[in-house]
Amino acid sequence: MISSNEIRTSFFQFFKEKGHTIVESAPVVPHDDPTLLFTNAGMNQFKDIFLGTGTRDYVRAADTQKCVRVSGKHNDLEEVGVDTYHHTYFEMLGNWSFGDYFKEEAITWAWEFLTERCHIDPSIMYATVFEGDAANNVEPDNEAANIWTSRTGIPRERVLFCSGKDNFWEMGDTGPCGPCTEIHVDRGPAACDMQGTPGHECRVNGDCARFIEIWNLVFIQYNRLPDGRLEPLPSRHVDTGMGFERLCALMNKKLSNYDTDLFTPLFDTLCGLSGHTYGSLLEKDIAFRVIGDHARTLCVAISDGVNPGNMGRGYVLRRILRRAVRFGRQVLGLRDPFMHQLAPVIATIYSEIFPEISGRLAHMEQVLMAEENAFARTIDNGIRLFEDLVAGLKEHAQLPGDSAFDLYSTYGFPKDLIELMARERKITLDQSGWNKAEAEHEKASAGKKRTFAAFDIEELDGLSPTEFCGYADANGMYRLTHRTRALRLFNDATMLVLESTPF
Ligand code: SER
């Protein structure tokens, strides 16, 4: 087994030799970019250079970027766990030219790295290039195609011209973009996960697991404006992104990213906790993969400063935590909170490259435990009620909107989970029935008198401030329970002020 750490190091070494500065991954929270919820590509942290509004003291860089793809334009959530090569969190290895080298070096170095350092068999590799777009006045990328055929070992018939869907890369609705050339590998007929599906054909950019993309070389030349037009940028740049987990699998001759050292320690822990083994039953394997994938995303995002919550990024995290917990409870039979037990494993896997994860381990464990406990209270009940509701419904049937809404409004079972579980059973939620029940519910509750707790500010006179005693005690152990005193009661004893609190 070639370790993931060795593979990362050899990537950095190669590009150092080619004059690149190795830079650190940006956090997964793009603090200064309102167009993004999470960092979804290596180029995000260099967006200002591409747009001509920022500079660095280097023109060539290489890095590994922590990426989260669970929302917005690039969202892989639905595939995660079902297949073995999409993730909500993954690492993207990248090399960058800021107005320096362009297509020739980008292509020949990618080829050299893959064939000479990674020893990938050249005969399994394909390249795709952009076929052009007359409406936007972008020419077919014959230049890239010619470099592939004249400067690498890829024969003409394995260079394919493809449409903008796959070969014109954009970060989001607006921003830097350009044509790209992708490297795909053919992992052989046994890798196809759609064998026996009528009409299925294995091909590059197809829908099975036989051919997968491993590296995307983008030639950034335009800025997509809010009105949809492409504006040429002052300089031309290179932005490459290689799927690190996929590369690790490929180099170790594994068909699944989950069979690499980036995941196996997590699965060992899950086996120990659940008593189930990975690799025995598809349904259980999917649960292992979902939990492993989501635990990584949660730890990376929490250590970069996001907490699960009701809005925006926090809500995305809450949803994926709930998804993982549900798989753990329903499929692996895990009764106690388990996500926080995966956090130390993740911290160890990344101790060399992302020390910020182990640096915030106690915090991560505390956040995960609190969130999972809160969710556990509603989930068991909700799953049972959902099962009663769908019992007897056939594929493609509709889940009655009023009963589903009742599950949400009376039992607190989250709507997105109802939708997700319905989708998994190939049934749909009757949205108009839901809307009607929701409107009636709102009308009924509008008439009800709400009571608010109230007290006079003077009632606080003489109290000292509550002492905060979270998140960890003197031994570094997180604290979820704590014995303290109520200093004063208000509002018929429905509110109190505590002497100290871990919350
Ligand atoms: N920006 C491109 C991608 O995310 C290449 O880095 O695929």
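Scroll up a little and you will see the structure.
Criteria and thresholds
- Residues numbered from 1 in each chain as written.
- Predicted model: local features only at pLDDT ≥ 70, side-chain atom pairs only at ≥ 80, totals over all residues.
- Heavy atoms only, no water.
- Helix = DSSP H or I, 4+ residues; strand = E, 2+ residues; numbered from the N terminus.
- Rg over C-alpha atoms; globule rule 2.2 N^0.38 Å.
- Contact = heavy atoms within 4.5 Å.
- Lys, Arg positive; Asp, Glu negative; His and termini not counted.
- Charge placed at Lys NZ, Arg CZ, Asp CG, Glu CD.
- Phe/Tyr/Trp six-rings, centres within 6.5 Å; stacked < 30°, edge-to-face > 60°.
- Buried < 20%, exposed > 50% of the residue type's maximum accessible area, 1.4 Å probe, protein only.
- Polar contact = N/O pair within 3.5 Å; in protein donor to acceptor, adjacent residues only side chain to side chain.
- Salt bridge = Lys/Arg side-chain N within 4 Å of Asp/Glu carboxyl O.
- Arc of directions from axis to C-beta.
- Near = heavy atom within 4 Å.
- Nonpolar A, V, L, I, M, F, W, Y, C, P; charged D, E, K, R; others polar.
- Pairing = 2+ DSSP bridges.
- Axes fitted to C-alpha atoms, helices over the stretch in contact; angles between N-to-C directions.
- Parallel < 35°, antiparallel > 145°, perpendicular 65-115°, else oblique.
- Left-handed = near helix turned anticlockwise from the far one by under 90°.
- Core = buried A, V, L, I, M, F, W, Y, C linked by side-chain atoms within 4.5 Å.

**Overview of the overall build of the protein chain**
1) Next: Counting its secondary structure elements, the protein chain contains 15 helices and 17 strands.
2) Next: In terms of C-alpha radius of gyration, the protein chain reaches 26 Å, essentially the compact-globule figure of 23 Å for 503 residues.
3) Next: The principal-axis extents of the C-alpha atoms in the protein chain amount to approximately 85 × 55 × 50 Å.
4) Next: Counting contacts in the protein chain only where the partners sit at least 6 residues apart, residues at least 24 apart contribute 70% of the total.
5) Next: If the 52 positive side-chain charges of the protein chain are averaged to one point and the 72 negative ones to another, these points end up 3 Å apart.

**Overview of the packing of aromatic side chains**
1) Next: The full count for this structure, using the stated rule, is 27 aromatic pairs.
2) Next: A ring pair is formed by Tyr 89 and Tyr 350, whose centres lie 6.2 Å apart and whose planes are at 90 degrees; its orientation type is edge-to-face. Linking Tyr 89 in strand β5 (residues 89-98) with Tyr 350 in the loop between α10 (339-349) and α11 (355-359), this pair joins segments that are 261 residues apart in sequence. A single burial state applies to Tyr 89 and to Tyr 350, both of which are buried.
3) Next: Considering the side-chain rings of Phe 267 and Phe 288, the 5.4 Å spacing of their centres and the 75 degrees angle between planes classify their relative orientation as edge-to-face.

**Quick look at the environment of Ser 25**
1) Next: Secondary-structure assignment places Ser 25 in the loop between β1 (21-22) and α2 (47-51).
2) Next: For the pair Ser 25 and Gly 275, spaced 250 residues apart in sequence, the C-alpha separation works out to 36 Å.
3) Next: Aside from chain neighbours lying at most four places away, what touches Ser 25 is Gln 45, Thr 64, Gln 65, Lys 66 and Phe 354.
4) Next: A distance of 3.2 Å separates a polar atom in the side chain of Ser 25 from a polar atom in the side chain of Gln 65.
5) Next: Engagement of the side chain of Ser 25 in a polar contact is seen with the backbone nitrogen of Lys 66, the distance being 3.0 Å.

**Description of the pattern of salt bridges**
1) Next: For the structure shown, the criterion picks out 20 salt bridges.
2) Next: The residue Glu 112 makes a salt bridge to Lys 18 at a minimum N-O spacing of 3.2 Å. Of the two residues, Glu 112 is situated in helix α3 (residues 103-117) and Lys 18 in the loop between α1 (4-17) and β1; the sequence distance between them amounts to 94 residues.
3) Next: Taken together, the shared-partner salt bridges connect Lys 66, Asp 304 and Glu 356 into one network.

**Describing helix α7 (residues 264-274)**
1) Next: Taken residue by residue, α7 has Leu 266, Phe 267, Leu 270 and Ser 274 as its buried positions. Along the axis of α7, the buried positions cluster into a sector of 95 degrees, meaning they face one direction only. Summarising the geometry of α7, the exposed residues directed more than 90 degrees from the buried face are Asp 268 and Gly 272.
2) Next: Those residues of α7 that are buried are in contact with α8 (282-303) and α10.
3) Next: Among the residues trailing α7, Gly 275 stands out with phi positive, at a value near 80 degrees.

**Things to note about the site of the ligand**
1) Next: For the ligand, the full set of nearby residues is Ala 41, Met 43, Arg 69, Met 92, Trp 169, Asn 216, Val 218, Asp 239, Thr 240 and Gly 241.
2) Next: Here Trp 169 contributes a side-chain N or O atom positioned 3.4 Å from an oxygen atom of the ligand.
3) Next: The set of elements that each furnish at least two residues to the shell around the ligand consists of β10 (211-224) and β11 (230-243).
4) Next: Ranked by residues supplied to the shell around the ligand, first place goes to β11 with 3 residues.
5) Next: Residues that form the shell around the ligand fall into these classes: 5 nonpolar, 3 polar and 2 charged.

**A look at the pairing of strand β9 (residues 175-186)**
1) Next: Along β9, 12 of the 12 residues are buried, which leaves the element largely enclosed by surrounding structure.
2) Next: Of the strand pairs in this sheet, strand β6 (residues 125-130) and β9 are connected by 4 bridges, and their pairing is antiparallel. Paired with Met 125 across the two strands is Val 185, which belongs to β9.
3) Next: Here strand β8 (residues 168-170) folds back onto β9 in antiparallel fashion, the turn holding 4 residues.
4) Next: In terms of strand pairing, β9 meets β10 through 10 bridges, oriented antiparallel. Following the sheet pairing, Asp 186 is matched in β10 by Phe 211.

**A word on the packing of helix α9 (residues 312-330) against helix α12 (residues 361-390)**
In a pair of packed helices, the angle between the axes and the distance between the axes together describe the arrangement.
1) Next: Where α9 meets α12, the closest approach of the two axes is 9 Å, and the angle between their N-to-C directions is 60 degrees. What the angle tells us is that α9 and α12 run oblique. Handedness of the α9/α12 crossing: right-handed. Facing Arg 318, Leu 321, Arg 322, Val 325, Arg 326, Arg 329 and Gln 330 of α9, the residues of α12 in contact are Leu 368, Glu 371, Glu 372, Phe 375, Ala 376, Ile 379, Asp 380, Ile 383 and Glu 387.

**Observations concerning the packing of α1 against helix α6 (residues 244-251)**
1) Next: Here α1 crosses α6 at 110 degrees, and the two axes come no closer than 10 Å. On the basis of their axis angle, the class for α1 and α6 is roughly perpendicular. Of the two possible hands of crossing, α1 and α6 adopt the one that is right-handed. Here Ser 4, Ile 7 and Arg 8 of α1 lie close against α6, whose contacting residues are Phe 244, Leu 247, Cys 248 and Met 251.
2) Next: Considering only residue class, the contact of α1 with α6 consists of 5 nonpolar, 1 polar and 1 charged.

**What to know about the nonpolar core**
1) Next: The biggest cluster of nonpolar side chains holds 113 residues, and the ones touching the most others in it are Leu 114, Trp 148, Trp 215 and Met 339.
2) Next: Per element, the largest residue contribution to this core is 11 residues, and it comes from α8.
3) Next: Within the second largest apolar cluster, 20 residues are counted, among which are Ile 49, Phe 90, Phe 98 and Met 171.

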